[in-house]
Amino acid sequence: MGNTDIVVTGLGATAPLGGDVDTLWAGLLAGRSGVRRIDDLLDAMSPRAAELTTRIGAPMAVSPDTVLPRVQARRMDRSQQAALVAARQAWTDAGEPEVDPVRLAVVIGTGVGGVTTLLGQDDVLEAQGPGKLSPFAVPMLMPNGPAAWVSIELGARAGVYTPVSACSSGAEALVLAARLIRSGEADVVIAGGAEAAIAPFTVAGFAQARTLSKRNDEPERASRPFDVDRDGLVLGEGAGVLVLERADFAAARGARVRARLAGYGVTSDAYHITGPDPSGAGQIRAVLNAVAGAGLRPSDVDHVNCHATSTVVGDVGEAAAIGKALGDDVVLTAPKSAIGHLFGAAGAVESIITVLSIEHGVIPPTLNLDRKAPEVHHDVVTGAPRTQRLRAAICNSFGFGGQNVSVLFTA
């Protein structure tokens, strides 16, 4: 993995609990939920939205098109808007590093890219004809759009990358960023994930796959990782971006270090297109590879920010894998209980939460865990935030296709 130290110097996010990192963090610690009824959004997109069995979601608390200049926002898909908003925050938080543009790279992952643009422009084509399509339709729908816009904004010329690995895309972006720094190709990388895929089509598709919660009458209680009554995930949207730097480069400019990205593991199940390997072998290897890459022992890891999406199979499978890799004493939390599943952005936003937990010595609570599933033997933080000094913490992200990513941070 190389021996180049990598530090986190900037954080930026726009999410269901807030349009910036501080508001998101405050909402998590207060035990608030960003999940709500989204009838208005769905009905505005399709005349048949009323037929959907799931009518809840976790949209961004602050619409990114209200933050960006109007003309610029109109030329961007919502996922691209979110990425740019989060990247600007992260860059400012990092102190706007002075770096040679050819040593500055961008890695922004996404699960599906500009899907709402694709669906909307197809509606325009069918209803009004090809001459009415937006001239920006193609750049708005392309998955590398978020990364491209960020690179243009900040003048990054060391490469623009877009991992597309379903729900693990944002975490995989951090791994690729770390590899770019360790290979000597970049000194600073702006990395994260963005997703804005709440639409009748995607809601219907996930519902047909039987992965969505139908708790429409109790939106705030719908996402309930590790609970015996969990019935599926909640679709969310947002973006998370971190500024990663070579440690000596950050030190030379006197940058504030928020945490260190010390290790990572990327594995694949080669088992099923949507279901995880029931043995958990790939998840276990991802966790252990992250630990080994950081030069640590499993007992050194105090906390795991879990992928835990509130699905029947996934949550208990992850808990079992964590137990086999790290033992049962590690403390868990599951932010998707509060913000829903941000898919391609999840790993990035939850890595930000992991960094904040290390920085502040506080683990946010898991919401709606009224009765823990008997298969889960770990201490899961519930009720109030947990104050605890964290030596090392892992953020897990797993995706359809059998993709497993674990990122390990230290103080």
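Above this text is the structure in question.
These lines cover the structure that appears in this document, whether it is placed above or below. Note that the structure is a prediction, hence the values are computed from the model and not measured. (Residues numbered from 1 in each chain as written. Predicted model: local features only at pLDDT ≥ 70, side-chain atom pairs only at ≥ 80, totals over all residues. Heavy atoms only, no water.)

## Regarding the sheet that holds strand β6 (residues 188-195)
No. 1: As summarised here, the arrangement of the 11 strands in space is β5-β4-β6-β7-β1-β8-β15-β14-β9-β10-β12, forming an open sheet in which the pairing is mixed. Edge positions in the sheet fall to β5 (160-161) and β12 (379-380), since each has one partner strand and no second.
No. 2: Pairing between strand β4 (residues 104-109) and β5: 2 bridges, direction parallel. By the bridge assignment, V107 is partnered in β5 with Y161.
No. 3: Contacting β9 (303-305), β10 (331-333) and β14 (392-399), helix α12 (residues 312-326) crosses the sheet at an angle of about 140° to β14. (Pairing = 2+ DSSP bridges. Helix = DSSP H or I, 4+ residues; strand = E, 2+ residues; numbered from the N terminus. Contact = heavy atoms within 4.5 Å. Axes fitted to C-alpha atoms, helices over the stretch in contact; angles between N-to-C directions.)

## Considering the side chain of T14
No. 1: On the secondary structure map, T14 appears in strand β1 (residues 6-14).
No. 2: The contact partners of T14, leaving out residues within four places of it in the chain, are G19, M60, V62, A82, V85, A86, G238 and A239.

## A word on the nonpolar core
No. 1: Ranked by internal contacts, the top residues of the largest apolar core, which has 50 residues, are V189, L261 and I339.
No. 2: If one sorts the elements of this core by residue count, helix α8 (residues 169-182) sits on top with 8 residues.
No. 3: Apart from residues no more than four positions distant in its own chain, V189 is found in contact with A105, V106, V107, A177, L180, I181, L242, V243 and L244.
No. 4: Membership of the second largest hydrophobic core comes to 28 residues, among which are A73, M76, A83 and V188. (Core = buried A, V, L, I, M, F, W, Y, C linked by side-chain atoms within 4.5 Å. Buried < 20%, exposed > 50% of the residue type's maximum accessible area, 1.4 Å probe, protein only.)

## Remarks on the pattern of salt bridges
No. 1: According to the stated counting rule, one finds 26 salt bridges in the structure shown.
No. 2: One salt bridge connects D300 with R297, and the closest N-O pair in it is separated by 3.3 Å.
No. 3: Taking the relative accessible area as the measure of exposure, D300 reaches 13% and is therefore buried.
No. 4: The exposure class assigned to R297 is exposed, which follows from its relative accessible area of 55%.
No. 5: For E350, the salt bridge goes to K336, with nearest N and O atoms at 2.9 Å. (Salt bridge = Lys/Arg side-chain N within 4 Å of Asp/Glu carboxyl O.)

## Structural notes on the pairing of strand β7 (residues 238-246)
No. 1: Most of β7 is tucked away: 8 of the 9 residues are buried.
No. 2: Note that β1 and β7 share 8 bridges and pair antiparallel. By the bridge assignment, T14 is partnered in β7 with A239.
No. 3: As defined by bridge partners, β6 adjoins β7 across 8 bridges and the pair is classed as antiparallel. Note that in β7 the partner of A191 across the bridge is L242.

Spatial relationships are all this shows, so hold off on functional conclusions.
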